[in-house]
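Residue-level listing of the chains:
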Amino acid sequence: MAQKVITVNINVYEQSVSNRHAAYEISYVNKFLDDGWVIKETIHNPTSAPNWTNITFILEK
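Notes on the structure in this doc start here. It should be emphasised that the depicted structure is a prediction, and the values quoted were computed from it without experimental measurement.

1. Details of the overall build of the chain
Helices and strands together make up the secondary structure of the chain, namely one helix and three strands. In sequence order, the secondary structure elements of the chain are arranged as β-α-β-β. Look at the contacts in the chain between residues 6 or more apart in sequence, and 55% of them connect residues 24 or more apart. A total accessible area of about 4600 Å² is found for the chain, and carbon and sulfur atoms account for 52% of it.

This is the structure in structure tokens:
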């Protein structure tokens, strides 16, 4: 069984101040899902930088 670990940083306040909700599609992760990988675990890591969040995906095939 093979594994990959992908870490993604997202700026959570890119949109205007009046709309603080957004959904993001992470195309890099989607490429692996299209190739048959599955998400085994996701880990949310807060960062010290305001407005940024970090998500780690552990993929398995």
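2. Here we look at the pairing of strand 3 (residues 52–60)
Of all nine residues making up strand 3, seven are buried, and the element is well covered by its neighbours. Bridge analysis of strand 2 (residues 38–46) against strand 3 gives eight bridges, and the strand direction is antiparallel. Across the sheet, the residue bridging to Thr 42 is Phe 57, located in strand 3. Between strand 2 and strand 3, which pair antiparallel and follow one another directly, the connecting turn spans five residues, one of which, Asn 51, has a positive phi of 75°.

Criteria and cut-off values
- Residues numbered from 1 in each chain as written.
- Predicted model: local features only at pLDDT ≥ 70, side-chain atom pairs only at ≥ 80, totals over all residues.
- Heavy atoms only, no water.
- Helix = DSSP H or I, 4+ residues; strand = E, 2+ residues; numbered from the N terminus.
- Contact = heavy atoms within 4.5 Å.
- Areas by Shrake-Rupley, 256 points an atom, 1.4 Å probe, with all protein chains shown as cover.
- Buried < 20%, exposed > 50% of the residue type's maximum accessible area, 1.4 Å probe, protein only.
- Pairing = 2+ DSSP bridges.

So far we have only geometry, and geometry alone does not tell us how the molecule works.
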